[in-house]
Structure formats: structure tokens, C-alpha cells
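# Structural description and commentary
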Amino acid sequence: MHTSDDFKPWMLDWTPTHIQRFWDWLSNDPLLSQNYFSRLLGDAIIDEIERHVPITGTVVDVGAGPGYLVERLVKRGISTLAVDTSSDSVGHLNERLRQNTSFKGAYVSTIDSVPLVDATADIAIIVETVEHMDAYAFTHVLGEVRRILRPGGHVVVTTPNEENLHENQIMCPNCGCVFHKVQHIRSWSQESLSAEMLKLGFTPTMCAPVLFSIYNKPLRPLHRLKFTLRRAKLPHLMYIGKKSGA
């Protein structure tokens, strides 16, 4: 235990071990897991994707977590696979959805390897995940995503829109560790995300700020109007790109 004389805050360097511990802990707490982005906004995400590309064939949810987006996809009869680095999340998801015929299984992945064969997916969806990745992880995970996409397949990426990371930092009052409260390490803009995806072999279909609304579909335009009237930026960013080349 630090005394008041030697206590000094320090920044956490998120290692793969830290990341796995954090998400295993979160996925095992039913109350905390209720706040997952895809649980709160999964239907709005799917509806927004379908405004730009049809969701057909086989979908892979990359970084699926507890599988809340997967639940909504299979509920719509969409053939869906899931991958995640948390073995606990994968185990819970396989147990929960094993009876659904549209669910094709969840698998443990790593930064360097998604355990699916080449050209498995028509669409890969990466929801609120790239903000958790450093440059190495981003390059390797998206490289694997490109590999598992069929020629002409689409990747969908969502992330906070120009997040101020500092605003969401917290500190452990025991050890002084300072970290982002939900493990974000990178902030993305429309320009930076488009540029990085292009480097990795994806041709953009769209990349723009969006609003994934908590409201039912008829009320979503009113929710967006609130941002327009306040001249506030939309909080979310969505990129859709097509696998380019062979």
C-alpha cells in the first residue's frame, strides 16, 4: 500500500495479458455486461449497415464479446459466426446460442490469427473494437479479416467519432494506475480510419459520422435532430469497405 508520500499516478501499458484479464472479468459480471455497446445499440447498428449494403450470406462478428450483436443477427435469420480473444466470452456465447440454427459457432482468436478458413465470410463486422487496438494489432487483425472475406466481401467497422481519450481516463486510488475506463487506446476520425483501411486493401463504400440511436426506428430522426440543433458532432463513426483485389 502506497503512503501519501510515495503515491504517484502512472499510465498503464495495456499488454495482451491485461486486456484478456479486463474483458474476462467484465464478461463474467452480468450487471457490468449489460452496458456493452452492442447490447444497447445492436439493432440500430444492423439497421444502419443495411442502409448501405445488404446483410446476406455469412457474417462474422470480429471481437464479438458476449455476443449481443450476434444474438440480434441470428434473430433475423442471418448465418453468423463469432470470434473473440476472450475464452470466457466465447464459452458463454457458444452455450447460450447453441440451439439457434443460424448461429454457426464462436471461436477464440488472437491478434495474429482468426481461426476461420480463407473466404469464409461475405461480411465481417467489427463493432467498437479498433479503438482497443494498437497499430500492430490493427494491422494484423484487419489482415486476417481481409483473408477470411470472400472476393468482393464487405468489412464494417464502428468506433467512437474523434473520441477525447483523456476525458474517459480513471485512476486506481490504491496503486495509482491510470487507464481508460473501457480500455480504449486509440482515437479515430473519418480521415484516419479511411486512410488506414485503404492501406490494408479495402475500397471504401462509405465512412461517416453516424448516430446509433437507443430509440425505436420511428423516433431516430428526432434523436439525430437534437444533435443538429445543438450543432454537436455525431458520436459514432462507421466505415464500410469492400475487399479489393483478388
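Presented here is a report on the structure given in the accompanying data block. These numbers come from a predicted model, not from an experiment.

Along the polypeptide, Trp23 turns up in helix H1 (residues 16–27). Given a relative accessible area of 18%, Trp23 falls into the buried group. When sequence neighbours within four positions are dropped, the list of residues in contact with Trp23 reads Tyr36, Ser86, His132, Val182 and Gln183.

Turning our eyes to something else, we now look at the pattern of salt bridges. According to the stated counting rule, one finds 13 salt bridges in the structure shown. Here Lys217 and Asp47 are joined by a salt bridge, their closest N and O atoms 3.9 Å apart. A residue pair is termed long-range when its members are at least 10 positions apart, and Lys217 in the loop between strand E9 (202–210) and helix H8 (220–230) and Asp47 in helix H3 (residues 37–50) qualify at 170 residues. What makes Lys217 exposed here is its relative accessible area of 52%. Assessed through its relative accessible area of 13%, Asp47 is described here as buried. The partner of Glu196 in a salt bridge is Lys199, with the nearest N and O atoms 3.0 Å apart. Highlighted residues: Glu196 and Lys199, both in helix H7 (residues 190–199), separated by 3 residues, approximately one helical turn. What makes Lys199 exposed here is its relative accessible area of 63%. Overlapping salt bridges bring together Asp43, Asp47, Glu50, Arg72, Arg76, Lys217 and Arg220 as one network.

One can find Gly152 in strand E6 (residues 149–160). Leave out the neighbours within four places in its chain, and Gly152 touches Lys242 and Lys243.

Taken N-terminus to C-terminus, the directions of H1 and helix H5 (residues 87–97) make an angle of 30 degrees; their axes are 8 Å apart at the nearest point. Of the residues in H5, those in contact with Gln20, Asp24 and Ser27 of H1 are Ser87, Asp88, Ser89 and His92. A breakdown of the residues in the contact of H1 with H5 according to their chemical character gives no nonpolar, 5 polar and 2 charged.

Our next topic: the sheet that holds E6. Judged by pairing direction, the sheet is mixed, and its 7 strands sit side by side in the order E4-E3-E2-E5-E6-E10-E9 without closing on themselves. Of all strands in the sheet, those with a lone pairing partner are strand E4 (103–108) and E9, marking the two edges. Taken pair by pair, the neighbouring strands of this sheet meet at an average axis angle of 15 degrees, ignoring direction. In the sheet, strand E2 (residues 58–62) pairs with strand E5 (residues 121–127) via 3 bridges, with the strands oriented parallel. Paired with Asp61 across the bridge in E5 is Ile125. The strands touched by helix H4 (residues 68–75) are E2, strand E3 (79–84), E4 and E5; relative to E3, the strand with the most contacts, the crossing angle is about 170 degrees. Most of the contacts of H5 go to E4, to which it runs at about 165 degrees, and overall it touches E3 and E4.

Another aspect to go through is the sheet that holds strand E1 (residues 10–11). Read across the open sheet, the 3 strands follow the order E1-E8-E7; overall the sheet is mixed. The strands lining the two open edges of the sheet, one partner per strand, are E1 and strand E7 (169–171). In this structure, E1 lies alongside strand E8 (residues 177–180), joined through 2 bridges in parallel fashion. The residue bridging Met11 from the neighbouring strand is Val178, located in E8.

What counts and how
Residues numbered from 1 in each chain as written. Predicted model: local features only at pLDDT ≥ 70, side-chain atom pairs only at ≥ 80, totals over all residues. Heavy atoms only, no water. Helix = DSSP H or I, 4+ residues; strand = E, 2+ residues; numbered from the N terminus. Buried < 20%, exposed > 50% of the residue type's maximum accessible area, 1.4 Å probe, protein only. Contact = heavy atoms within 4.5 Å. Salt bridge = Lys/Arg side-chain N within 4 Å of Asp/Glu carboxyl O. Axes fitted to C-alpha atoms, helices over the stretch in contact; angles between N-to-C directions. Nonpolar A, V, L, I, M, F, W, Y, C, P; charged D, E, K, R; others polar. Pairing = 2+ DSSP bridges.

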